[in-house]
Amino acid sequence: MTRRRLRITLGVVFLIASLPKFLAYGWELDQFRRFGLPGPDEAWVIAAGVIELVGGALLLADRFVRPACVVLAATMAVAIATSGIKEGDVVPSLTVAPLLLAGCVVLLARRGRAR
């Protein structure tokens, strides 16, 4: 897959993944409460949604790709550790999240415009 296709694919997936954090906030909040993250769970739901929304948009716009990938990769690592490994949620935390993390790492490793 070319860098451009990977960037666009990741951007679309992150944009879609952000939507439940806003459109199904109550359901997402119930999920986040199980993870045992420090601080208020409400803030984590909004933060995850904003990170995925803005990060996805930046990838689609081909702007600040590397910083966006760093933050998105960290977010996916937390999702894998808390939701996937700690709570045993296979979908999406042990299926989609590792693929998104890997895609971000590939974009970080590939040479190209370093915006």
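None of these values were measured; they are calculated from a predicted model. (Residues numbered from 1 in each chain as written. Predicted model: local features only at pLDDT ≥ 70, side-chain atom pairs only at ≥ 80, totals over all residues. Heavy atoms only, no water.)

Undergrad: How should the overall build of the protein be read in this particular structure?
TA: Helix and strand counts for the protein stand at five helices and zero strands. Ordering the α and β elements of the protein from the N terminus gives α-α-α-α-α. Its C-alpha atoms give the protein a radius of gyration of 14 Å, near enough to 13 Å, the size a compact globule of 115 residues would have. Overall, the C-alpha framework of the protein stretches about 40 × 25 × 20 Å when taken along its three principal axes. Burial analysis of the protein (115 residues in total) assigns 35% to the buried set. Once local pairs closer than 6 in sequence are excluded, the contacts in the protein between residues at least 24 apart make up 66%. (Helix = DSSP H or I, 4+ residues; strand = E, 2+ residues; numbered from the N terminus. Rg over C-alpha atoms; globule rule 2.2 N^0.38 Å. Buried < 20%, exposed > 50% of the residue type's maximum accessible area, 1.4 Å probe, protein only. Contact = heavy atoms within 4.5 Å.)

Undergrad: Can you help me understand the packing of aromatic side chains in this one?
TA: Applying the stated criterion across every chain yields a total of one aromatic pair. For the pair F32 and F35, a centre-to-centre distance of 5.3 Å together with 55° between the ring planes defines the contact as tilted. (Phe/Tyr/Trp six-rings, centres within 6.5 Å; stacked < 30°, edge-to-face > 60°.)

Undergrad: What is the right way to read the packing of helix α1 (residues 3-23) against helix α5 (residues 96-109) from this model?
TA: Each pair of packed helices gets described by two things: the angle between the helix axes and the distance between those axes. Between α1 and α5, the shortest axis-to-axis distance is 10 Å and the interhelical angle comes to 140°. Judged on the interaxial angle alone, α5 and α1 are oblique. Crossing handedness for the pair α1 and α5: left-handed. For the pair formed by α1 and α5, the contact residues are R3, L6, R7, L10, V13 and F14 on the first element and L100, G103, C104, V106 and L107 on the second. In the contact of α1 with α5, the residues fall into eight nonpolar, one polar and two charged. (Axes fitted to C-alpha atoms, helices over the stretch in contact; angles between N-to-C directions. Parallel < 35°, antiparallel > 145°, perpendicular 65-115°, else oblique. Left-handed = near helix turned anticlockwise from the far one by under 90°. Nonpolar A, V, L, I, M, F, W, Y, C, P; charged D, E, K, R; others polar.)

Undergrad: Got a minute to help me understand the nonpolar core in this structure?
TA: Side chains that are nonpolar tend, in soluble globular proteins, to be buried together. One finds L10, F14, L59, C69, C104 and L107 to be the most contacted residues of the largest nonpolar core, which totals 15 residues. Take this core: its biggest share by element is seven residues, from helix α4 (residues 65-86). Beyond its immediate chain neighbours, meaning those up to four positions away, C104 contacts L10, F14, C69, L72 and A73. Counting six residues, the second largest nonpolar core, distinct from the first, contains F32, L37, V45 and A48. (Core = buried A, V, L, I, M, F, W, Y, C linked by side-chain atoms within 4.5 Å.)

Undergrad: What is the right way to look at α5 in this model?
TA: The periodicity of an α-helix, 3.6 residues per turn, causes residues three or four positions apart to be oriented the same way. The end-to-end C-alpha distance of α5 is 20 Å, a good match for the 20 Å that 14 residues give at a rise of 1.5 Å each. Of all the residues in α5, the buried ones are A97, L100, G103, C104 and L107. Buried residues of α5, seen end-on, are gathered within an arc of 120° and therefore sit on one face of the element. Relative to its buried face, α5 has exposed residues pointing more than 90 degrees away, namely L99 and A109. (Expected span 1.5 Å × (residues − 1). Arc of directions from axis to C-beta.)

Undergrad: Hey, could you run me through the pattern of salt bridges in this one?
TA: When charged atoms on two side chains of opposite charge get close, those side chains can pair. Tallying each qualifying case throughout the model produces seven salt bridges. The closest approach of N and O atoms between K86 and E87, which form a salt bridge, is 3.2 Å. Exposure remark for K86: the relative accessible area of 49% places this residue in the partly exposed category. Salt bridges sharing common partners tie together R34, K86, E87 and D89. (Salt bridge = Lys/Arg side-chain N within 4 Å of Asp/Glu carboxyl O.)

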